[in-house]
Amino acid sequence: MKSLWSDRDAQSLDGLAALVYASRLIGASPELVLWGGGNSSVKVTGKDHTGKPTRMLYIKGSGSDMKTITAQQFTPLRLDDLQPLMQRSAMTDEEMVAYQAKSTLEPSAPKPSIETLLHAFIPATHIYHTHADAICTLTDVPRGREIIRDVFGDEVAIVPYSRPGFLLSKRTGDAVRANPLARAVILDKHGLITWGETAQAAYLDTVRYVTMAERYIHARLRAKPRAPKTAARRTAPARRELAAAIAPVLRGAISRHKPMLLRYDDRPEVLAFARTVDPKSLRGPFTPDHLLYTKPWPLLLDPRAARDEASLRDTLSKALERYRQDYLDYFNTYKTPGVTMGDPNPRIVLIPEVGMFTTGKTRRETVIARDLYLHTMGVMQAASALGGYQPLPARDLCDFEYWPMENYKLTLAPPERPLSRAIALITGAAGGIGRAIAERLLADGAVVVLTDVDLEATQKLAEEYSRRFGADHAIAIEMDVTDERSVRRAFREALLAFGGLDIFASNAGIARCAPIDRLTLADWRASLDVNATGHLLASQEAIRIMRAQQLGGSIVVISTKNVFAPGQDFGAYSASKAAQHQLSRIMAIETARDGIRVNMVNPDGVFLNSGLWSPEIRAERAKAHGIPITEVEEFYAKRNLLQTKILPSDVAEAVLFFASNRSSKTTGAVLPVDGGVKEAFPR
Ligand code: ZN
């Protein structure tokens, strides 16, 4: 591996600042730590709140990510309180955590890492602990100890596996004292610890030992006879087509208790791994803290025999049934008494010739699971050149998976929002109403697929929303609702991104304005194409996905007040929207048995950011009503009972109501958002 150390960047840094700098370098190397893994510390002499000189240990707070860590994410503890604990023979996790809390010098600092004492018991100033792929490859093979001796000699002490906590800390402290030549410790089936008097020395030792392990592995991998390369049997489009067919069925099957999000990956490493992996080797992560996101083992699914959706569903449900039973057996065999079992569904699903799905309750969890498993694949393949992959035994995996101290990290995530775990797709998302719907659903926790003919505008929105609401919570996909292939492709991409669909907002629409005797055939056809046929095509895809999931769903249709109260010169618009409206009622009738609800929102005169209200339409309407063009908005506002302007956000509130469970007993209904137009009262 490459050292990222820069003398220029680091020259003026010492103590905590140097620790932050080196920790970020470690976090920037995914072969060392991933997503909150690993930790680091420095011992300094400072002053406590009374001004008394105090020896302090700054240790990474539990759950924070080294890649982006800041000084505030390190917790200062009174070192003179911690070091005497070396003399004790035992301490429960609860005693240790309570003791650490009392020794914390900053009450607002995060909870210190569960490996705090390990850092306190090693006498060096800077200490870095990583879960390096290459180091874990050496520990997770049958002859691990011998290999580590061969590679590192006396420079590295090995500490046998135990769950992090007092015992592991004490054993590590003892190992350092018993091996005066040791410059690093390898924790069996867990990771590496290096240290030094400066941040640079400790960091460079991490790089050095990991590089030594990498060289050893690469030499063995080169010597290993290569498996004959078998070409992928499917082209990329065919593979993705099949993945998109599997996704909603899989999502439905693992979401019976609570909905999950999926994420698809078919990079070449994944395909090669899924094609060649020995199912017996799929037994556990290479370091236990991956368990939180990956579960002990993946589901290996072979749908090649499935000919149609029914047999795919059958294959999948049998495979999942087996997985859940195996998980239940594992839990019952190794559980700590009094612990309740968590979700027994897989987080990683490997499908030969298709790729990998990762699952999680948030987008972030699906990404973390993917990243962790990509590294697991690398370690497993490397281990195969060193005598085979041998992770922790199931007993230790279960012990770690249900360890309250590790699960504490999950409680640091923000609380779930009303639409958490929900996937929404919006057509015409670049327009004023489309945007408002997206923002409202995102604010309530949904992930959102923004579709529009204007890809560039939609991509900009997706970037903005991802900054505001969470990375990748909104994605942009080009969709022309009038083109069947474009619609199919867009829904397929959405499936590969999130795995399914819960909310479909049919919002794309156009308005053409002309009296009937002067209406051009082109405008008539365009209106029907977008407003009626476009709604049909997109709704068909949405219904197919929702049916495949068997989780119900909500379709919200942006209709118009014109359906009930048409106005002159709007023949093409009103007739095409009436077709959309009537079609939606039929959809409500046909899909109710699948738990799918279809409801309509009827806005009127929404001007803000509206693509519908083009300058031409404004001019036309001004002429029709005999008013100056600047007064069109005012005119429409005065026309309704409440004498109010209708904003896109008002429409979005109605969409949210129909999208959420708050309207779970309502389908085929119409909610006007028009300030009250008595001619358009639903009846
Ligand atoms: Zn660790």
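Residues numbered from 1 in each chain as written. Predicted model: local features only at pLDDT ≥ 70, side-chain atom pairs only at ≥ 80, totals over all residues. Heavy atoms only, no water.

**Side note on the side chain of T359**
Here is the rule: Numbering goes from the N terminus for both helices and strands, where a helix is a DSSP run of H or I of at least four residues and a strand is a run of E of at least two. Relative accessibility under 20% of the residue-type maximum defines a buried residue, over 50% an exposed one, and the middle range a partly exposed one, all with a 1.4 Å probe and only protein chains included.
Along the polypeptide, T359 turns up in strand 11 (residues 355-360). The buried category is assigned to T359, whose relative accessible area is 1%.

**Some remarks on empty space enclosed by the protein**
The condition is simple: Both site types are read off a 1 Å grid over the protein atoms alone. A 1.4 Å probe that fits but cannot get out defines a cavity, while an open set with protein on both sides within 12 Å along at least five of seven lines defines a pocket; lining residues have an atom within 4 Å of a point. Grid points are joined across faces, edges and corners, and a volume is the space filled by probe spheres set on the points.
Tallied over the full model, the rule gives three cavities of 30 Å³ or more. Within this model, the second largest cavity holds a volume of roughly 50 Å³. Lining the second largest cavity, in full, are L282, R283, G284, P285, T294, K295, P296, W297, P298, Y373, T376 and M380. It is helix 14 (residues 363-383) that provides the largest number of residues to the lining of the second largest cavity, a total of three residues.

**Some thoughts on the coordination of the zinc ion**
Quick reminder of the rule: Metal sites are built from N, O and S donor atoms within 2.8 Å, or 3.2 Å for Na, K and Ca, and they leave out water, so they may look incomplete.
Looking at the metal site, the zinc ion is ligated by H129 (NE2), H131 (NE2) and H190 (NE2), spaced 2.1 to 2.2 Å from it. Each donor residue of the zinc ion lies on the same chain, and together they follow the pattern H-x1-H-x58-H. Highlighted residues: H131 in the loop between strand 4 (126-130) and helix 6 (133-139) and H190 in the loop between strand 6 (184-187) and strand 7 (191-196), separated in sequence by 59 residues.

**Concerning the sheet that holds strand 11**
Put simply, the rule is: A pair of strands is treated as paired once DSSP finds two or more bridges between them. Residue contacts follow a heavy-atom distance rule, with two residues in contact if any of their heavy atoms lie within 4.5 Å. Whenever a helix is involved, its axis is fitted only over the stretch in contact; in every case the axis is a line through C-alpha atoms, and angles between N-to-C directions fall within 0 to 180 degrees.
The sheet built from four strands is open, its strands ordered 8-11-10-9 with mixed pairing. Bordering the open sheet on either side are strand 8 (261-265) and strand 9 (299-300), each of which pairs with just one other strand. Bridging between strand 9 and strand 10 (residues 348-351) involves two bridges; their strand directions are parallel. Note on strand 10: the bridge partner recorded for L300 is L350. The sheet contacts of helix 10 (residues 236-254) involve strand 8, strand 10 and strand 11, and relative to strand 8 the element is tilted by about 155 degrees.

**With respect to a nonpolar patch on the surface**
Put simply, the rule is: Patches here are clusters of residues that have more than 30% relative accessible area and form no salt bridge, with a 9 Å joining cutoff for like charges and a 5 Å cutoff for nonpolar side chains (Val, Leu, Ile, Met, Phe, Trp, Tyr). All accessibility values rest on the Shrake-Rupley procedure with a 1.4 Å probe; residue burial counts only the protein chains present in the view. Whenever Lys or Arg places a side-chain nitrogen within 4 Å of a carboxyl oxygen from Asp or Glu, that contact is recorded as a salt bridge.
A surface patch of nonpolar side chains, amounting to about 340 Å² of accessible area, comprises L641, L642 and F681. Of note, L642 is situated in the loop between helix 23 (632-639) and helix 24 (648-659).

**Topic: the nonpolar core**
The line we're drawing: Among buried residues, the Ala, Val, Leu, Ile, Met, Phe, Trp, Tyr and Cys ones that are joined through side-chain atoms within 4.5 Å form a nonpolar core.
Core analysis: the biggest nonpolar cluster contains 86 residues, and L250, F357, F491, F504 and I555 have the highest contact counts within it. Excluding anything up to four places from it in sequence, F504 contacts L425, T427, F491, A538, S539, A542, M546, S554, I555 and V556. In this structure, A10, Y58, V151 and A369 belong to the second largest nonpolar core, which totals 63 residues.

**With respect to the domain arrangement of the chain**
The cut-off we apply is this: Boundaries between domains were set according to an automatic or database domain assignment.
Taken domain by domain, the chain consists of domain 1 (7-223), domain 2 (236-411) and domain 3 (423-606 + 647-676). Using only C-alpha atoms to locate each centre, domain 1 and domain 3 end up separated by 52 Å.

**Digging into the sheet that holds strand 14 (residues 474-478)**
Strand order in the open sheet formed by seven strands is 14-13-12-15-16-17-18, with parallel pairing between adjacent strands. With one partner strand each, in any of the chains shown, strand 14 and strand 18 (670-673) form the two edges of the open sheet. Each adjacent strand pair in this sheet contributes to an overall mean axis angle of 20 degrees, direction not counted. Two strands pair when backbone bridges link them, and strand 12 (residues 423-426) and strand 15 (residues 503-506) are joined in this way by three bridges, in the parallel orientation.

**Re the packing of aromatic side chains**
Put simply, the rule is: When the centres of two rings from Phe, Tyr and Trp lie within 6.5 Å, Trp using its six-membered ring, the rings pair. Their planes under 30 degrees apart give stacked, over 60 give edge-to-face, and anything left gives tilted. A ring is considered to have a charge above it if a Lys NZ or an Arg CZ atom is located within 6 Å of its centre and within 35 degrees of its normal.
Applying the stated rule across the entire model yields 18 aromatic pairs. Each ring, one from F491 and one from F504, has its centre 5.9 Å from the other, and the planes form 65 degrees; the classification is edge-to-face. Within this pair, whereas F491 is found in helix 19 (residues 484-498), its partner F504 is found in strand 15, the two being separated by 13 residues in sequence. In this structure an aromatic cluster arises from ring pairing among W297, Y323, Y327, Y330 and Y334. R208 extends its terminal NZ or CZ atom over the ring of Y209, reaching a point 4.7 Å from the ring centre. Above the face of the Y216 ring, R220 is positioned so that its terminal group lies 3.8 Å from the ring centre.

**Overview of the packing of helix 13 (residues 309-334) against helix 15 (residues 394-401)**
Applicable threshold: When an angle is under 35 degrees it counts as roughly parallel; over 145 it counts as roughly antiparallel; between 65 and 115 it counts as roughly perpendicular; any other value is oblique. Classification convention: Asp, Glu, Lys, Arg as charged; Ala, Val, Leu, Ile, Met, Phe, Trp, Tyr, Cys, Pro as nonpolar; all other residues, Gly among them, as polar.
Packing of helix 13 against helix 15 brings their axes to within 9 Å, and their N-to-C directions diverge by 85 degrees. With respect to helix 15, the axis of helix 13 lies roughly perpendicular. Residue-level contacts link Y327, Y330, F331 and Y334 of helix 13 to A394, R395, L397, C398 and E401 of helix 15. Counted by class, the contact of helix 13 with helix 15 contains seven nonpolar, no polar and two charged residues.

**As for unusual backbone geometry**
The phi angle at E353 is positive, at roughly 70 degrees, despite the residue not being glycine. Structurally, E353 is set in the loop between strand 10 and strand 11. The backbone phi angle of R421 is positive, close to 75 degrees, even though this residue is not glycine. Summarising the element assignment, R421 is placed in the loop between helix 16 (404-411) and strand 12.

**Describing the pattern of salt bridges**
Counted under the stated rule, the structure contains 40 salt bridges. Among the salt bridges present, the one from R183 reaches D205, with a minimum N-O distance of 3.3 Å. Residue R183 is found in the loop between helix 8 (166-178) and strand 6, and its partner D205 is found in helix 9 (residues 199-223); the two are separated by 22 residues along the sequence. Given a relative accessible area of 6%, D205 falls into the buried group. E634 is the salt-bridge partner of K645, the closest N and O atoms lying 3.9 Å from each other. Here the residue K645 occupies a position in the loop between helix 23 and helix 24, and E634 occupies one in helix 23, the gap between them amounting to eleven residues. Residue classification places K645 among the partly exposed residues on the basis of a relative accessible area of 44%. Each of R417, R440, D444, E653 and R662 takes part in one network of salt bridges that share partners.

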